[in-house]
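Commentary on secondary and tertiary structure
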Amino acid sequence: MAIHYKCRHCGTNVGTLSQTSVHSEQIGLHKLTDEDRLEMISYDQNGDIRIKTICEDCHEALNRNPDFHQSDYIIH
C-alpha cells in the first residue's frame, strides 16, 4: 500500500509514502471533516490511497491571486 499525493489544481505528483501501515493521525487525515475526506481521498483497488493536495507553485499562485480560489483547477 502506498499513499500518493497529487495537486488538485495542476495534477502534479507531489509525493508518495510507501509505508505498509500508516495511521490517519500520522498524516493529519483525522483533522478533515467527513465532507473533506470524501472530496480529497480516494482508494485504488490495489489498496493505494490517493490524496488531493496543493503543490507549492499553486499555493503561491493562489496567494498572489486570491480570485483563483473560485476555480477548481488553476491550470487546465
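See the structure above.
Small disclaimer: the values here were computed from a predicted structure and weren't measured. (Residues numbered from 1 in each chain as written. Predicted model: local features only at pLDDT ≥ 70, side-chain atom pairs only at ≥ 80, totals over all residues. Heavy atoms only, no water.)

Let's shift gears to the pattern of salt bridges. Taken as a whole and judged by the stated rule, the model has three salt bridges. Residue Asp-44 pairs with Arg-50 through a salt bridge whose shortest N-O separation is 3.0 Å. Arg-64 is the partner of Glu-60 in a salt bridge, and the nearest nitrogen-oxygen pair spans 2.8 Å. Placement of both Glu-60 and Arg-64 in helix 3 (residues 56-64) is noted, with a separation of four residues, approximately one turn of the helix. Look at Glu-60 and you get partly exposed, because its relative accessible area is 45%. Taking relative accessible area as the criterion, Arg-64 reaches 54% and is therefore assigned exposed. (Salt bridge = Lys/Arg side-chain N within 4 Å of Asp/Glu carboxyl O. Helix = DSSP H or I, 4+ residues; strand = E, 2+ residues; numbered from the N terminus. Buried < 20%, exposed > 50% of the residue type's maximum accessible area, 1.4 Å probe, protein only.)

With that out of the way, let us pick up the sheet that holds strand 1 (residues 3-7). The strand order 2-1-4-3 describes an open sheet built from four strands, whose pairing is mixed. The open sheet terminates on both sides in strands that have one partner only, identified here as strand 2 (13-17) and strand 3 (41-43). The average undirected angle you get between the axes of adjacent strands in this sheet is 20°. Looking at chain direction, strand 1 and strand 4 (residues 49-53) are connected through five bridges and run parallel. (Pairing = 2+ DSSP bridges. Axes fitted to C-alpha atoms, helices over the stretch in contact; angles between N-to-C directions.)

Next up on the list: helix 3. In an α-helix, one full turn covers 3.6 residues, which means residues spaced three or four apart are oriented alike. The set of residues buried in helix 3 consists of Cys-58, Ala-61 and Leu-62. Seen from one end, helix 3 has its buried residues packed into an arc of 100°, which puts them on one side. Facing away from the buried side of helix 3, by more than 90 degrees, are the exposed residues Glu-56, Asn-63 and Arg-64. Buried positions along helix 3 lie against strand 1. (Arc of directions from axis to C-beta. Contact = heavy atoms within 4.5 Å.)

Considering the arrangement of structural elements, one finds His-9 in the loop between strand 1 and strand 2. Polar side-chain contacts of His-9 include one of 3.5 Å to the side chain of Arg-8. (Polar contact = N/O pair within 3.5 Å; in protein donor to acceptor, adjacent residues only side chain to side chain.)

What follows is about the pairing of strand 1. Counted residue by residue, strand 1 has four buried out of five residues, so it is predominantly covered. By the bridge criterion, four bridges tie strand 1 to strand 2 in an arrangement that is antiparallel. Counted as the bridge partner of Ile-3 is Leu-17 from strand 2. Turn length for the strand 1-strand 2 hairpin, with the two strands adjacent in sequence and antiparallel, is five residues, and the turn residue Gly-11 shows positive phi of about 85°.

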